[in-house]
Amino acid sequence: MRGVLIVGATSPLARYMAHEFARLGDTLFLAARDMDELQRVASDVQVRFGATVHTGRFDAAAVETHEAFWQEVLRVLGGLDGVVWVAGTMDGLEDAFREPQAVRRLIDVNFTGAASLLTLAACYFEERGKGFIAGVSSVAGDRGRAQNYPYGAAKGGLSLFLQGLRNRLSKRGVQVTTIKPGFIDTRMTWGRDKLPFLASPQRVAKESVQIILKGKDVAYVPAIWWLVMLVIRSIPEKVFKRMSI
Amino acid sequence: MTSLTLHKQITGWGRYPRALCHLYRPERVGGVIGTLQHAEPNGFLPRGLGRAYGDAALNSEGGIILMERIDRFLAFDESTGVVRCEAGVSLADIISTFLPRGWFLPVTPGTKFCTVGACVACDVHGKNHHHDGSIGNFVRSLTLLLPSGETVRCSREQNPELFYATIGGMGLTGITLEVELQLRRVDTGWMVVDYVRTRDLDETLRTFHERDEHYLYSVAWLDCVAQGRGFGRGVLMFGRHATVDNLPPARRQNPFTIPRKRDKSVPVDLPEFVLNPLSLKAFNGAYYATHPSREGVFVDYNTYFYPLDSILQWNRAYGKRGFVQWQCVLPYENGMENLTRILETAQRRHAYPFLSVLKRMGESSGGILSFPMPGYTIALDFPIRNGLFEVLNELDKIVIEAGGRLYLAKDARMSAETFHTTYPQLPRWQAVKTQVDPKGVLQSDLARRLRLMEVAK
Ligand SMILES: Cc1cc2nc3c(=O)[nH]c(=O)nc-3n(C[C@H](O)[C@H](O)[C@H](O)COP(=O)(O)OP(=O)(O)OC[C@H]3O[C@@H](n4cnc5c(N)ncnc54)[C@H](O)[C@@H]3O)c2cc1C
């Protein structure tokens, strides 16, 4: 029985990832900002799987609170086997094209917060010599696009950060996995025109957890995005600039 | 929190009528409340999985709040079988979560792909209505979001008028956020079914009355095409939950494991000529012929309760124009005569239903606009054709004269007058509606068509 921390647990993707871990009998610590929602997600996992589920408030942008939060998780679970970072937001993207505060907030939640908490996790697992860290980044982090680069830049930063962590920790028996989902059928994509390869959060969650438990380094989910991004990354900047992808 | 809407044409399960709506799909309870902040000239309506047939879950040029993502289980008491869950939880989800622990739905409609919140809004009935009544009887309490933004709990003790107005209230008294439901204890995932084939309507009804009381579940398939001597013949299906001892020895180890069926799907609209009187005759005749009387047949719960669910999008089989289900309930008094009139009128006017199901109903749950009342309920599926609605209007008249009524969850076309005449408790319901929703924020195409908020003339 493992103890797993899931950060950003109120998102549909995280919720179904919690289902997958709970199905395997893991004890969970779910963290998010919206405590009412978090309690609902936790109760759901408890009722469905009879799992032991703890909850705690976590604000990705409030970096100064991360140390205390981390200690609390360790205390409650009495040790930890894995951390899954799912927190992320596209809220405020429109403002982020013009306002410094907005772009900063977007980067804080999606990148700085992740880097902060995962640093604590990295040190913990490094010392124990085992465990796993998984971060949900995004295909948006593979290439800067006019439509969402503030978000993409933060996710790109997260991908690089995880890559570095992987390098650092692989020598110490700690697995770091980067998940790069494509379009997921959630609030972030709702109301937009037909998006290619739109996948349900259930499916992305299931595949992601399989990928994490297999100890893969980087994976696109669904896998087709590997090919899509290979093509998109290979378009020369000169051409890309004139396209509206 | 951004909350985009999707401007889209949607329909009920019958694919008639169609409506252009603004679809919201909140993923959090806070998001449901937030949705109401938007400006929608035609107000809002909660919607589950769109399995109501007609316009009950449509709101043209208004907001539709899809509840499917508000689907968390909140609490379950293993000893009493009471579950508290969010309204968007589907019946399929309830079964897959609790059947392995020995609990089943207390009442289920003929599809499991619908939400518990909507089942309460329609006060759905199942094959056990003669025995247990509708789902409202098993609802312990509800948590509603009122148009004012206020969240209230209601039950038989707490805000009872609101409770009874919401059970069967078609989503118009508030958005149900949570439901507390009493589940039913079962020993297995299997049913024991006795099939009885009858020769005519008289025998059909007689068999019903003689045997019904001994079974938890009963329903009859009627051959509505057969005329003359075979008029009203059918196949009655009496069922009960199997106990472990009933099971063949090989199944006793895993009594809740049932075979998984491969889903089939209807990929395109079938052209109209496929469902002509001849093919309907052939279909009905074949069904009748292949269902002889047999006792003690084992079937899994999916086969018994949800025969159509394994054919995805079967509603497309009725063709591009869609179909309506006409379902009425007729009091027992003169029931035989009235049923005969209905079936004969349909036949005389060449309106042959593709599917016809007859059931017996027991006491009402007390829901003010609930459909069930003691009597026979018959449901007829008609593909839409020129002239069909005139025939159905004639059938409506028979129902009015008989003192019966039509089921709102299936209706797409009855007149406001018919509705006002046949739902005598409407003023009592309107009093609650006026109180909780004075500005008429919660609306639907059904509500406007039936002039739900007008006083009868
Ligand atoms: C094959 C088939 C068989 C059926 N058999 C039966 C049967 O045997 N007995 C029977 O009674 N019915 C039957 N029905 C009808 C069906 O069970 C009901 O219409 C059911 O309510 C549909 O659920 P839904 O989630 O699809 O709701 P929708 O069709 O989306 O909505 C139905 C109504 O519920 C309201 N609603 C939805 N969510 C909420 C909420 N959270 N709060 C308040 N109101 C809400 C909507 O406004 C609407 O008025 C059958 C339907 C099908 C397709």
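Look a little higher up for the structure.
Now for a look at the structure at hand. Keep in mind the model is a prediction, meaning the values are calculated, not measured.

Procedures and definitions
- Residues numbered from 1 in each chain as written.
- Chains lettered and ligands numbered in written order.
- Predicted model: local features only at pLDDT ≥ 70, side-chain atom pairs only at ≥ 80, totals over all residues.
- Heavy atoms only, no water.
- Phe/Tyr/Trp six-rings, centres within 6.5 Å; stacked < 30°, edge-to-face > 60°.
- Helix = DSSP H or I, 4+ residues; strand = E, 2+ residues; numbered from the N terminus.
- Buried < 20%, exposed > 50% of the residue type's maximum accessible area, 1.4 Å probe, protein only.
- Lys NZ or Arg CZ within 6 Å of the ring centre and 35° of its normal.
- Pairing = 2+ DSSP bridges.
- Axes fitted to C-alpha atoms, helices over the stretch in contact; angles between N-to-C directions.
- Near = heavy atom within 4 Å.
- Polar contact = N/O pair within 3.5 Å; in protein donor to acceptor, adjacent residues only side chain to side chain.
- Nonpolar A, V, L, I, M, F, W, Y, C, P; charged D, E, K, R; others polar.

### Quick notes on the packing of aromatic side chains
This structure, assessed with the given rule, holds 37 aromatic pairs over all chains. An angle of 85 degrees between the planes, with centres 5.0 Å apart, marks the rings of B:Y332 and B:Y376 as edge-to-face. With a gap of 44 residues between them, B:Y332 in the loop between β18 (323–330) and α9 (335–348) and B:Y376 in strand β20 (residues 375–383) connect regions that are remote in the sequence. Residue B:Y332 is classed as partly exposed on the basis of its relative accessible area of 29%. With a relative accessible area of 5%, B:Y376 lands in the buried category. Three or more aromatic residues joined by ring pairs form one cluster here, namely B:W13, B:Y53, B:W221, B:F283, B:Y287, B:W314, B:Y318, B:F323 and B:F354. Above the plane of the ring of A:F240 lies A:R143, whose end atom (NZ or CZ) is 3.8 Å from the centre. The positively charged end of B:R405 is found above the aromatic ring belonging to B:Y423, 5.2 Å away from the centroid.

### With respect to the sheet that holds strand β3 (residues 44–47) of chain B
Residue and element names in this part refer to chain B. Strand order in the open sheet formed by four strands is β1-β2-β4-β3, and the pairing between neighbours is mixed. Where the open sheet ends on each side, the last strands, each with one partner, are β1 (6–11) and β3. Averaged over neighbouring strand pairs, the angle between their axes works out to 45 degrees when direction is ignored.

### Quick look at the site of the ligand
All names here are of chain B. In the vicinity of the ligand, 34 residues are found, and the nearest of them are P46, G48, R51, H125 and Y407. R51 is positioned with one of its backbone polar atoms (N or O) 2.6 Å from an oxygen atom of the ligand. A118 is positioned with one of its backbone polar atoms (N or O) 3.2 Å from an oxygen atom of the ligand. Counting residues per element, the ones that place at least two in the shell around the ligand are β3, α3 (116–121) and β10 (175–182). Within the shell around the ligand, the residues separate by chemical class into 22 nonpolar, nine polar and three charged.

### Comments concerning unusual backbone geometry
With the exception of glycine, the majority of residues adopt a negative phi angle, and the majority of peptide bonds are in the trans configuration. Omega for the peptide link from A:V221 to A:P222 comes to -15 degrees, which places this bond in the cis form. In this structure, B:P17 follows B:Y16 across a cis peptide bond, with omega equal to -10 degrees. Summarising the element assignment, B:P17 is placed in the loop between β1 and β2 (18–24). Of note in the backbone geometry, B:N159 takes a positive phi value of approximately 45 degrees without being a glycine. Mapped onto the secondary structure, B:N159 falls in the loop between β9 (151–155) and α5 (160–166).

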